[in-house]
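In case you want the letters, here they are:
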Amino acid sequence: MHSSLWLIAPSDDHAFNKSLKDLISNTLPSDFPHSPKNNFIPHVTITSDVDPAKTYGNSSSPQEWLDNLTLPEFKRETDEVTVELEQLEAGEPFFKKVTIRTRKDDNLVKFAAACRRQGLAISESEAQKWAEDEYLPHLSLFYGDVPKGDVEKKLGLIELQLGFELGSLFDCCGGTLAMGAKLVLVDTSKAISEWEPIAARDCPWVMWRMAKGLV
């Protein structure tokens, strides 16, 4: 019965967030009409497997626990965490059926290791090893039981749809899609339809970018 820490866009009404929501809620489900529709908040998972019994279950509230996480001292525009959307991919797992792989920025790795260490109550060396060797940051666009081969046949179409939604943002801001993010705690033991933040923390030093080859 574990939870997860996600990075999400800075606000619900930001153009970047609206575009991602449209892709997840409308565009990609229409590409796979025979698969049940799954709505979820656009996010990049920082770490999963957060055990409430070892973490926020011991605090007065999930919010207090999240606020008390010790994070590296990043700084906006000088030492930020860059979340760069790099490559569209089809996958076998249900939760990775269509994803955008994210570049493993050094600061993103450092951030993930700090969250993993405290979220799983493990040693710094264990968390660092996981972040460097196992962590595969990505932004999911579609969950489903569709065969991977069927998804691969539609990647060209999805690339066009991605360009339609995010191309103008990319063009106007030199590849930067948004500045700032929220680190949210989500009880992912619940049904997908119930995945909602139970705590949130502002991360103004996160920069969302898109690689040139993606659009």
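The name an unreviewed UniProt entry gives the chain is 2',3'-cyclic-nucleotide 3'-phosphodiesterase, with Knufia peltigerae as the organism.

Caption draft 1: View of the packing of helix 1 (residues 15-31) against helix 6 (residues 155-172). Between helix 1 and helix 6, whose axes approach to 10 Å, the crossing angle comes to 160°. Taken together, the axis directions place helix 1 and helix 6 in an arrangement best described as roughly antiparallel. Crossing geometry of helix 1 relative to helix 6 is assigned as right-handed. In this structure, helix 1 uses A15, F16, S19, L20, D22, L23, T27, L28 and D31 to contact helix 6, whose residues at the interface are L157, I158, Q161, L162, E165, L166 and L169. By residue class, the composition of the contact of helix 1 with helix 6 is 10 nonpolar, three polar and three charged.

Caption draft 2: Examining the pattern of salt bridges more closely. Enumeration according to the criterion identifies eight salt bridges in this entry. A salt bridge links K182 to D202; the shortest N-O distance between them is 2.8 Å. Here K182, found in strand 6 (residues 176-186), pairs with D202, found in strand 7 (residues 197-210); they are 20 residues apart in sequence, far enough to count as distant. Among the residues examined, K182 registers a relative accessible area of 26% and is labelled partly exposed. A network of salt bridges, in which partner residues are shared, links E84, R103 and D105.

About the cut-offs
Residues numbered from 1 in each chain as written. Predicted model: local features only at pLDDT ≥ 70, side-chain atom pairs only at ≥ 80, totals over all residues. Heavy atoms only, no water. Axes fitted to C-alpha atoms, helices over the stretch in contact; angles between N-to-C directions. Helix = DSSP H or I, 4+ residues; strand = E, 2+ residues; numbered from the N terminus. Parallel < 35°, antiparallel > 145°, perpendicular 65-115°, else oblique. Left-handed = near helix turned anticlockwise from the far one by under 90°. Contact = heavy atoms within 4.5 Å. Nonpolar A, V, L, I, M, F, W, Y, C, P; charged D, E, K, R; others polar. Salt bridge = Lys/Arg side-chain N within 4 Å of Asp/Glu carboxyl O. Buried < 20%, exposed > 50% of the residue type's maximum accessible area, 1.4 Å probe, protein only.

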